[in-house]
Amino acid sequence: MAPHLLPDSSAFSLLIAPDARMEQLATGAIWSEGPVWIAGDQSLLWSDIPNNRMLRWSAADGLSVWREKVEFTNGHTLDLNGDLLHCSHGLRAILRTPAANGIPAAQISADSIVVNQYLGKRLNSPNDIVVRSDGTIWFTDPPYGILSNHEGYQAEQEQSACFVFCFDPRTQTLTAATDALIHPNGLAFSLDEKTLYVSDTSAVILKEKGFHRLMAFDVLGTTLSNARVFADISPGLPDGFRLDVAGNLFVSSEDSVQIYAPNGERIGKILVPEKVGNLTFGGRDGSALFIVASTSLYRIKTLTRGAALR
């Protein structure tokens, strides 16, 4: 077994080959976040938040700056039409970049704002985002982009809490799905979409022990209920995460990507040289795990595939 692979159960070998190699594909960021795989041109886009830019990597072209002055985007995902959705700290909004032939446009349009207010007040700073199979857009809204000018613009919080939101683009309705977390961050649906997993990263600010949880909620229409702890992540905090086709959760942490079975048991860890911010599956068959960790982009080949690739 390679030294960067730490199995907790025999199931680990069904997900990661014993000789799987960790590759550093690119570096030079300050804090990497929000990776999204673009199948149309076999590329990965991600945010370098403090540098206020988005980066691109592909096997054909290597590393490049995809877009600058991006209003401190964080998380990204694709909607059902293949358009690229962004969480913008700077504009305190969800933005959309249209796609042509499966590839998002290089420049953002003036009418790109999807939603930026709830009950007539500005959002905090949308952080991560997913789209359910019915087209509804779910995102978290912690305050990290308004606490200073490092990852956004310092400002007063207008919302009464840090919600997980559900936006229905058909009705233009924004619903606060829950306020049960202090600072909700990463999120992903279970395979049957009956459960929404959400990470709480409030310890970043509160400096208290115990707030490094991955939570699970029952999904009831556009609201969430039955909050429960799915797993306590250590060391560090759970930020972004993804599911594979078997429902296993690949979760970011300070020293690794930690893998959890759907029942909450940890399967093992993939050690990463830098603090992990987020991750996603990609590649031609969806089996490559792309990891954005502090300054760099890493890749490791898996024996599984991502659950939500479009």
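Residues numbered from 1 in each chain as written. Predicted model: local features only at pLDDT ≥ 70, side-chain atom pairs only at ≥ 80, totals over all residues. Heavy atoms only, no water.

1. Regarding unusual backbone geometry
In this model, S234 is joined to P235 through a cis peptide bond whose omega is 0°. If you trace the backbone, P235 turns up in the loop between β22 (223-232) and β23 (241-243). Notably, N52 is not glycine yet its phi reads approximately 55°, a positive angle. With a phi close to 55°, N226 is a non-glycine residue in the positive phi region. One can find N226 in strand β22. Residue N226 is classed as partly exposed on the basis of its relative accessible area, which comes to 45%. (Helix = DSSP H or I, 4+ residues; strand = E, 2+ residues; numbered from the N terminus. Buried < 20%, exposed > 50% of the residue type's maximum accessible area, 1.4 Å probe, protein only.)

2. A look at the packing of aromatic side chains
Across all of its chains, the model carries 11 aromatic pairs by this definition. Where W57 meets F290, the ring centres are 6.0 Å apart and the plane angle is 50°; that geometry is what we call tilted. Placement of W57 in strand β5 (residues 53-58) and of F290 in strand β28 (residues 288-293) is noted, with a sequence separation of 233 residues between them. Owing to a relative accessible area of 1%, F290 belongs among the buried residues under this scheme. Ring geometry for F230 against Y260: centres 6.3 Å apart, planes inclined by 65°, an arrangement best described as edge-to-face. Pair noted here: F230 is in strand β22 and Y260 is in strand β25 (residues 256-260), with a separation of 30 residues, a long-range link. With respect to class, F230 is no different from Y260; both count as buried. A connected cluster of aromatic rings, assembled from ring pairs, spans Y118, F139, F163 and F165. (Phe/Tyr/Trp six-rings, centres within 6.5 Å; stacked < 30°, edge-to-face > 60°.)

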